[in-house]
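Listed below, chain by chain, are the residues.
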Amino acid sequence: MHLIRLYIPTSLIFFVKISSLCAQLSYGPCPNMCSGHGHCASHYGECSCFTGYTGPDCSLRTCPQGNAWVDVATNDDTAHNMAECSNKGKCDQLLGKCVCDGNFEGVACERKKCPNNCNNSGRCVSTKLHASMQDPGFLTKSSGCTSSTICLDGPCDNQDYTLCKGTYNYVTPWDANKMQVCKCDEGYLGYDCSIKKCPTGDDPLTTGQLDEVQFLQCQATGGTFTLTFMGQTTTAVSASSSLSEFTSIVSALQTITNAGADEKITVSWTNAVDEVCSSGGNDIQITFLQDFGDLPLLIPDGGNLVHSIAGTNPLITSQGLVTGTKESDVCSNRGSCTEATGICDCLDDWMTSNGANGPGIRGDCGYDSGIAATKCPGDDNNSLACLGLGVCSGSPDYRCVCQDGRYGADCALMACPTGKSWTAAPIAGHNSAHAPAECSDMGICDPTSGDCACASGFSGAACQYLDCPGINGLDCSGNGVCYSMKQLAQLATSNGDPTPYNYGLDPNNSLTWDHDQIRGCLCSDGFEGYDCSLKTCPKGDDPLTPHQNNEIQTIECQDSDDTGSFTISFRGHPTSTIQAHDTAADLETKLNQIPTIERVIVGYADPAIYVGATGLAADSLQVCRANNQVVTVEFQSPTGNVPLMTVINEENIDGKLSVQRDTAGNKEYETCSRRGLCNRKTGLCECVRGFGSSDGQGNVGNRGDCGYQSPVPLEEV
């Protein structure tokens, strides 16, 4: 609150003194009667606030907490602890609501927003959900969906087809439910689904390549089954479906590339009867004609199949037979993609194909309509193959082998830097995500310059850094230093003492993948908040909690020739050099010059030693004596149980030198001494009625901490 002036009639002075004494003894009621949001512990005049409320009068609201996006580690590889507004927002203490940084959302700012709302061309999901949405066909491809996976026992009486649909999960890492990713609709790409996908296709000039062939076996006499390919499932397939019926059902999958009238797949089988399943097992081969490269596996589900022969169980399996080796290149590597339209800009003499070097509607530049097969692409006059940025492979494929950092049919395009992906799903095991990706999956690559255009809040050549917040375009609002999580861990403190930890020392630890990517603020003294835009208020002792002690530590030093010296460190800050012949007053001056100490009082443990005492030995007032000396250091501010001072840089001390704790401090060291509200815009305490600025020991002072109790309740001027 404000300074208070009294106008007291002389006739009332005696009454005021008596009444103030009574008030001092009883401490009066709690401020504002705890605003109706807490219980009054009247003995100390202290409010015990209900859940969700805080402040000396319970007038303020607390805000929700979440795992911090960035914080200082509390142990090796232990970070992202619970924090108000997840350290990505400010608490509105009047409403109890977080005001989140613009790129974050949720009641506790616990989620990163999907950029640009995925441009209405995708779905915003957590990285945990994104991992579960992977195509299991890629993971199952190597082992196949065979009886060894499906059957839970030897006779295969018990089956579980869901075992073929497993994916690597992403559950344990701290960001599993916090980082969100755009799951783009079909036909769209990019971290924000802003890029239109161009058709891919085979380069027809590369020879000796194979189509993908997958093998199915269906053993059943009735019932139905389904097949799933790249996330889409067929309608129910009857065990008696003919070859043409089965081919039509599989071809109806929209995840298999459509090339108009051209066939998508061909199917053949060994069953003499025109039925997809047989009693002894029909061997089925499916050849993909319009989808190239190593394709995901068709995943069967035969839970509704039946077998009429007793003791024989129905079963349908799938596995890879021939891995596709044809290219699946954007624009068949014979053109460039116009990302704004999703249309291929084909090189001269190249046109859209049917997937087999014939004219078609794929839109992929995979049809050689002229003399393209006799040269590599180059400049307009065809005098400079591959634009001089690569080497022409020559006959028969005439492909450009581009220099490092270049790509495209004629090497005209530049690759962008890669970094650990912010959002990629795990591909090598559970919880092991973040494989390297162009622009770290948080930016758009400009192939004409090789530069990444990063999403808001991210920076770095590969968009690999989550920026430090701040106002006016300044990191940490100009009131702190921006550090990585790894660096912040090295700057950790415990009760103010430096206690460095390691975070991300093992690059293979999937739980600390962010050690060099996520950055946060370490605020300068006097500032706080996730962006260091708030001002801290003075801290001090609560004057109404009695029977408490200041911290007292002792320094014991013995030096026979007075030539020694040492330095004292407190909370990471050292004194200037202390000489053995320095006095207690000299030591007090040097300790009080440390920025982490506001005020200490230094004296002699032996009550017979003091300035002005008679009969003292020549070295009696020295910090170090030939026969040993003990001096006391009483902490008046900061109060509380402060850490021990430590001796550093000891030189030529030939006897004992140590620091011990004599009395553990148990006074509070709280914002505004728990008797005022902190105005974080100004850094000033607004004291409740009856309290004002103290000297740190309950007396009137200029600390601004509300640690002084007025003798009488006063009215504001």
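Numbering of residues starts from 1 in every chain and runs along the sequence as written. Totals for whole chains, interfaces and linings use every residue, but because this is a predicted model, local features are given only for residues with pLDDT of at least 70 and side-chain atom pairs only at 80 or more, for both listing and counting. Neither water nor hydrogens contribute to the side-chain values; these are computed over all heavy atoms in the structure.

1. Focus: the overall build of the chain
Then, in step 1: By definition, any uninterrupted DSSP run of H or I lasting at least four residues is a helix, any uninterrupted run of E lasting at least two residues is a strand, and each is numbered from the N terminus. Scanning the chain from N- to C-terminus turns up 7 helices and 58 strands.
Then, in step 2: The globule rule is 2.2 Å times the number of residues to the power 0.38, and the radius of gyration it is compared with is taken over C-alpha atoms. The globule rule puts the C-alpha radius of gyration for 717 residues at 27 Å, and the 38 Å found for the chain is more than 25% above it.
Then, in step 3: Each principal axis of the C-alpha atoms in the chain carries an extent, and together these give about 120 × 65 × 55 Å.
Then, in step 4: Under the scheme applied here, a residue whose accessible area is under 20% of the maximum for its type counts as buried, over 50% as exposed, and between as partly exposed, the area being computed with a 1.4 Å probe on protein chains only. Burial statistics for the chain: of 717 residues in total, 42% are counted as buried.

2. Notes on the side chain of Lys590
Then, in step 1: Here Lys590 is to be found in helix α7 (residues 584–592).
Then, in step 2: Polar contacts here mean pairs of N or O atoms no more than 3.5 Å apart (in protein, one a potential hydrogen donor and the other a potential acceptor; neighbouring residues in sequence count only if both atoms are side-chain atoms). Among the polar contacts listed, one links the side chain of Lys590 to the backbone oxygen of Thr577, at a separation of 2.6 Å.
Then, in step 3: A distance of 2.7 Å separates a polar atom in the side chain of Lys590 from a polar atom in the side chain of Asp582.
Then, in step 4: Not counting residues within four places of it along the chain, the set of residues in contact with Lys590 comprises Thr575, Ser576, Thr577, Ile578, Gln579 and Asp582. Working rule for contacts: check all heavy atoms of both residues, and any pair within 4.5 Å makes them a contact.

3. A closer look at helix α5 (residues 243–251)
Then, in step 1: For α5, the complete set of buried residues consists of Phe246, Thr247, Ile249 and Val250. Taken end-on, α5 shows its buried residues confined to a sector of 165°, consistent with a single buried face.
Then, in step 2: Considering only its buried residues, α5 is in contact with β17 (222–229), β19 (237–238), β20 (265–269) and β21 (282–288). Taken from the helix axis, the directions to the C-beta atoms give the arc we talk about.

4. So, the state of the cysteines
Here, disulfide denotes a covalent bond that connects the sulfur atoms of two cysteines.
Then, in step 1: Our working definition of a disulfide is a cysteine sulfur pair at a distance within 2.5 Å. Tallied over the entire structure, the rule returns 28 disulfides.
Then, in step 2: Two residues, Cys114 and Cys124, share a disulfide whose sulfurs are 2.1 Å apart. Taking the torsion about the sulfur-sulfur bond, which here is approximately 90°, the covalent link between Cys114 and Cys124 counts as right-handed. With Cys114 in the loop between β10 (111–112) and β11 (122–126) and Cys124 in strand β11, this residue pair connects regions lying 10 residues apart in the sequence.
Then, in step 3: With a relative accessible area of 31%, Cys124 lands in the partly exposed category.
Then, in step 4: Covalently, Cys416 is tied to Cys445 through a disulfide, its sulfur atoms 2.1 Å apart. Measuring the twist about the S-S bond at about 85°, one finds the Cys416-Cys445 disulfide to be right-handed. Taken as a pair, Cys416 in the loop between β32 (413–414) and β33 (418–420) and Cys445 in strand β35 (residues 443–446) lie far apart in primary sequence, 29 residues in all. Across the pair, exposure class does not vary: Cys416 and Cys445 are buried alike.

5. Focus on the packing of aromatic side chains
Then, in step 1: Note on aromatic contacts: the rings of Phe and Tyr and the six-membered ring of Trp form a pair at centre separations within 6.5 Å, being stacked when their planes are under 30 degrees apart, edge-to-face when over 60 apart, and tilted otherwise. This model, assessed by the stated rule, comprises 9 aromatic pairs.
Then, in step 2: Ring centres 5.7 Å apart and planes at 90° place the aromatic pair Trp69 and Trp174 in the edge-to-face group. Of the two residues, Trp69 is situated in the loop between β5 (65–67) and β6 (82–84) and Trp174 in the loop between α4 (147–150) and β12 (180–184); the sequence distance between them amounts to 105 residues.
Then, in step 3: Note on Trp69: relative accessible area 0%, which makes it buried.
Then, in step 4: According to the relative accessible area criterion, Trp174 is buried, its value standing at 15%.
Then, in step 5: Where Trp174 meets Trp513, the ring centres are 6.2 Å apart and the plane angle is 5°; that geometry is what we call stacked. Here Trp174, found in the loop between α4 and β12, pairs with Trp513, found in the loop between β41 (497–498) and β42 (519–523); they are 339 residues apart in sequence, far enough to count as distant. Assigned by exposure class, Trp174 and Trp513 land together as buried.

6. Some words on the side chain of Glu212
Then, in step 1: Turning to its location among the elements, Glu212 is positioned in the loop between β15 (200–201) and β16 (213–219).
Then, in step 2: Its relative accessible area of 1% is what places Glu212 among the buried residues.
Then, in step 3: With residues near it in sequence (within four places) discarded, Glu212 still touches Lys141, Ile286, Thr287, Phe288, Gly293, Asp294, Leu295, Val322, Thr323 and Gly324.

7. Looking at a negative patch on the surface
Then, in step 1: Here, patches come from residues exposed beyond 30% relative accessible area and free of salt bridges, joined within 9 Å for like charges and within 5 Å for nonpolar side chains (Val, Leu, Ile, Met, Phe, Trp, Tyr). Here the Shrake-Rupley method, with its probe set to 1.4 Å, supplies the accessible areas, and only the displayed protein chains count as covering residues. For this document, the term salt bridge refers to a Lys or Arg side-chain nitrogen within 4 Å of an Asp or Glu carboxyl oxygen. In this tally Asp and Glu are treated as negative and Lys and Arg as positive; neither His nor the chain ends contributes. We put the charge of a Lys on NZ, of an Arg on CZ, of an Asp on CG and of a Glu on CD. Together, Glu339, Glu438, Asp446 and Asp451 line one region of the surface with negative charge.
Then, in step 2: By the element assignment, Asp451 lies in strand β36 (residues 451–454).

8. Looking at the confidence of the model for the chain
Then, in step 1: How sure the predictor is of each residue is captured by pLDDT, a score from 0 to 100. When the pLDDT values of the chain are averaged, the result is 92; 95% of them are 70 or greater.
Then, in step 2: Low pLDDT (under 50) marks residues 1–28, which in the prediction has 32 contacts with non-local residues, meaning those over four places away or in another chain.

9. Some remarks on unusual backbone geometry
Then, in step 1: Going from Ser395 to Pro396, the amide bond is cis rather than trans, its omega being 5°.
Then, in step 2: On the secondary structure map, Pro396 appears in the loop between β29 (390–392) and β30 (400–402).
Then, in step 3: Here the bond from Ser637 into Pro638 is cis, since omega is 10°, no more than 30 degrees from zero.
Then, in step 4: Residue position: Pro638 is located in the loop between β51 (629–637) and β52 (646–651).
Then, in step 5: Phi at Asn87 takes a positive value of approximately 60°, unusual for a residue other than glycine.
Then, in step 6: Judged by its relative accessible area of 24%, Asn87 falls in the partly exposed class.
Then, in step 7: Here Asn120, not a glycine, exhibits a phi torsion of approximately 55°, which is positive.
Then, in step 8: Tracing the backbone through its elements, the reader meets Asn120 in the loop between β10 and β11.

10. Side note on the pattern of salt bridges
Then, in step 1: Evaluation of the coordinates by the stated rule reveals 23 salt bridges.
Then, in step 2: Between Glu110 and Arg111 there is a salt bridge; the shortest N-O distance is 3.3 Å.
Then, in step 3: Taking the shortest distance from any N to any O, the salt bridge between Asp301 and Lys165 comes out at 3.6 Å. Pair noted here: Asp301 is in strand β22 (residues 299–306) and Lys165 is in the loop between α4 and β12, with a separation of 136 residues, a long-range link.
Then, in step 4: One salt-bridge network, in which partners are shared between bridges, spans Glu46, Asp542, Glu668, Arg674 and Arg675.

11. Looking at the pairing of strand β25 (residues 335–338)
Then, in step 1: Note: two strands are recorded as paired if DSSP finds a minimum of 2 bridges between them. Bridge analysis of β25 against strand β26 (residues 343–346) gives 4 bridges, and the strand direction is antiparallel. Across the sheet, Gly335 pairs through a bridge with Cys346, a residue of β26.
Then, in step 2: Joining the antiparallel neighbours β25 and β26 is a turn of 4 residues, in which Gly342 adopts a positive phi near 75°.

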